[in-house]
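Okay, here's what each chain looks like letter by letter:
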Amino acid sequence: MADMTEPAKSLFETRPPSTLAQSAFVSLYGGVYEHSPWIAEQLYDRGITPALDTPDALADAMAAVVNGAVDGDKLTLLRAHPDLAGKLALAELTHSSQNEQTGAGLDQCTPDELARFTQLNDDYKKKFGFPFIFAVKGFHRTDILNAFERRVKNDVETEFNEAINQVHRIAKLRLEAL
């Protein structure tokens, strides 16, 4: 007999964003941007319509909130992100970050890779004032290490913009996972 069960519905289907009270909206979407519920709060204050009831539309609207923020708020957002690989062993990561880093194999670094990540984390934060941010889903730790080594050579403005773009990619991937 064929399985007649329906496929699992996404959060967007069972509880569309436009149907949520502010507390529920912020509870569900406040963690999409790492430790930055202010983005969901500001978006809710702007108005949540049925047009935002898809992951792509909500991701774009949340990105617009970030892009419209002052640089100081953007910097605070960047600084809310964990180091890649370095703090994984310390279990200081949010559940989402831990899953993302584990999925990329960052919990399986060789001693040499871990030492390189640690040195790059230190060099990067000293140069830019925020941690290296990379949307790791779909990448292997060696790809991430190569990107890290390339990006640490960027100028501050280029890297600030790249980090914001990476934060948006992470948020979109998290929304799609819901």
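Everything below is about the structure shown above.
Residues numbered from 1 in each chain as written. Predicted model: local features only at pLDDT ≥ 70, side-chain atom pairs only at ≥ 80, totals over all residues. Heavy atoms only, no water.

Caption draft 1: Region of interest: the pattern of salt bridges. Summed over the entire model, instances satisfying the criterion amount to 7 salt bridges. Across the pair Lys74 and Asp71 runs a salt bridge whose closest N-O atoms are separated by 4.0 Å. With Lys74 and Asp71 both in helix H5 (residues 71–79), this residue pair falls 3 residues apart, about one helical turn. The class for Lys74 is buried, based on a relative accessible area of 13%. (Salt bridge = Lys/Arg side-chain N within 4 Å of Asp/Glu carboxyl O. Helix = DSSP H or I, 4+ residues; strand = E, 2+ residues; numbered from the N terminus. Buried < 20%, exposed > 50% of the residue type's maximum accessible area, 1.4 Å probe, protein only.)

Caption draft 2: Representation of helix H2 (residues 22–29) within the structure. Among all positions of H2, only Ala24, Phe25, Val26 and Tyr29 are buried. On the buried face of H2, the contacting elements are helix H1 (11–14), helix H3 (38–46), helix H4 (55–67) and helix H9 (156–177). (Contact = heavy atoms within 4.5 Å.)

Caption draft 3: Just the nonpolar core, in detail. Ranked by size, the top nonpolar core spans 52 residues in total, and within it Phe25, Tyr29, Tyr33, Leu43, Leu58, Met62 and Phe117 carry the most contacts. Of the residues forming this core, the biggest block, 8 residues, is contributed by H4. If we ignore the near neighbours within four places in the chain, the residues touching Tyr29 are Leu11, Phe12, Arg15, Pro17, Leu20, Ala40, Leu58, Met62, Leu175 and Leu178. (Core = buried A, V, L, I, M, F, W, Y, C linked by side-chain atoms within 4.5 Å.)

Caption draft 4: Local environment of the packing of H4 against H9. Following both chains from N to C, one finds H4 and H9 inclined at 150 degrees, their axes separated by 9 Å at the closest point. As the angle between them shows, H4 and H9 are arranged roughly antiparallel. Here the hand of the crossing between H4 and H9 comes out right-handed. Residues Pro55, Asp56, Leu58, Ala59, Met62, Ala63, Val66 and Asn67 of H4 pack against Ile164, His168, Lys172, Leu175 and Glu176 of H9. In terms of residue class, the contact of H4 with H9 is built from 8 nonpolar, 2 polar and 3 charged. (Axes fitted to C-alpha atoms, helices over the stretch in contact; angles between N-to-C directions. Parallel < 35°, antiparallel > 145°, perpendicular 65-115°, else oblique. Left-handed = near helix turned anticlockwise from the far one by under 90°. Nonpolar A, V, L, I, M, F, W, Y, C, P; charged D, E, K, R; others polar.)

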